[in-house]
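# A look at the structure
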Amino acid sequence: MPKPPKTKRKNVMPVSLSSIHAMEIEEAYPAAINALEERLRSDPSEAETVIRLGFNLWYAIIENDRMQTNLPVQTYAIRFMELFNDYRQTLTNNADFCWAFGQGMNMFWYYFPKATEELGKSLIDEACRLDDFWAKFWTDSVSDAQRTSRLKGRGILEKYYAVK
């Protein structure tokens, strides 16, 4: 498992995912991304943190203008691809990982160094193969109850997919 960059602070308790959820819902950037990075430094094997960090990175990039912020979008784009490359091998069978990174690359490949629309689509296809939820989601045949059950409480995933 790759190791994220070391932090200068020691013995820092990472922010809980429920607290990060609130930041994501409020689009509190860069705080949400920084908190996820801190969690990743604390536990580099936590797949949920990797998935949400990746999704947050591409979401913040594409929504930067709408949010009228001045986020470091170039840094976020580079970090998105680093994160993908660091975890690609270990999370290749995680449908949520494939979906989160695949969607960003498929729709917005031009933001990410060395990403392609085809790579994004292949990740989405893999997510659909691995998990019936994403297959149904891709064909728009997932129910609201299924979407809520899967994405509720998962921060940016809940917000982006308008889970109530």
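Placed above this text is the structure.
The paragraphs below set out a description of the structure included in this document. Every chain's residues receive numbers from 1 upward, in the order its sequence appears when written. Restriction of local features to residues with pLDDT of at least 70 applies here, the model being predicted, together with a cutoff of 80 or more for giving and counting side-chain atom pairs; totals for whole chains, interfaces and linings are based on all residues. Side-chain numbers here rest on the full set of heavy atoms in the structure, without hydrogens or water.

## Some thoughts on the state of the cysteines
Short version of the rule: By convention in this document, the label disulfide applies to cysteine sulfur atom pairs within 2.5 Å. In this scheme, a residue with accessible area under 20% of its type's maximum is buried, one over 50% is exposed, and one in between is partly exposed, where area comes from a 1.4 Å probe on protein chains only.
The tally for this structure, following the rule as stated, stands at zero disulfides. Unpaired in terms of disulfides, C98 finds its nearest cysteine sulfur in C128, a separation of 10.0 Å. Residue class for C98 comes out buried when judged on its relative accessible area of 1%. Accessibility expressed as a relative area gives 15% for C128, which makes it buried.

## Digging into the pattern of salt bridges
Keep this limit in mind: Salt bridges, as used here, are contacts in which a Lys or Arg side-chain nitrogen is within 4 Å of a carboxyl oxygen on Asp or Glu. Counting from the N terminus, the helices are DSSP H or I runs at least four residues long and the strands are E runs at least two residues long.
Applying the stated criterion across every chain yields a total of 17 salt bridges. The partner of E27 in a salt bridge is R66, with the nearest N and O atoms 2.6 Å apart. Taken together, the positions of E27 in the loop between helix 1 (17-25) and helix 2 (31-42) and R66 in helix 3 (residues 47-67) put the pair 39 residues apart, joining distant regions of the chain. By relative accessible area, which is 16% here, E27 ends up buried. Note on R66: relative accessible area 47%, which makes it partly exposed. Close ionic contact of D96 with R154 constitutes a salt bridge, the shortest N to O distance being 3.1 Å. Linking D96 in helix 5 (residues 95-108) with R154 in the loop between helix 8 (144-151) and helix 9 (156-160), this pair joins segments that are 58 residues apart in sequence.

## Considering the packing of helix 1 against helix 3
We apply this condition: The convention used is that axes are lines fitted to C-alpha atoms, helices contributing only their stretch in contact, and that angles between N-to-C directions extend from 0 to 180 degrees. Any angle from 65 to 115 degrees is called roughly perpendicular, while one under 35 is roughly parallel, one over 145 is roughly antiparallel, and all others are oblique. Contacts are assigned to residue pairs with any non-hydrogen atoms lying within 4.5 Å of each other. Only Asp, Glu, Lys and Arg are considered charged in this grouping, and only Ala, Val, Leu, Ile, Met, Phe, Trp, Tyr, Cys and Pro are considered nonpolar; every other residue, Gly among them, is considered polar.
Helix 3 packs onto helix 1 with a crossing angle of 10 degrees between their chain directions and a minimal axis gap of 13 Å. Taken together, the axes of helix 1 and helix 3 lie roughly parallel to each other. Counting all contacts with helix 1, which are made through L17, I20, H21 and E24, the residues of helix 3 involved are E48, T49, R52 and N56. Partitioned by chemical class, the residues of the contact of helix 1 with helix 3 number two nonpolar, three polar and three charged.

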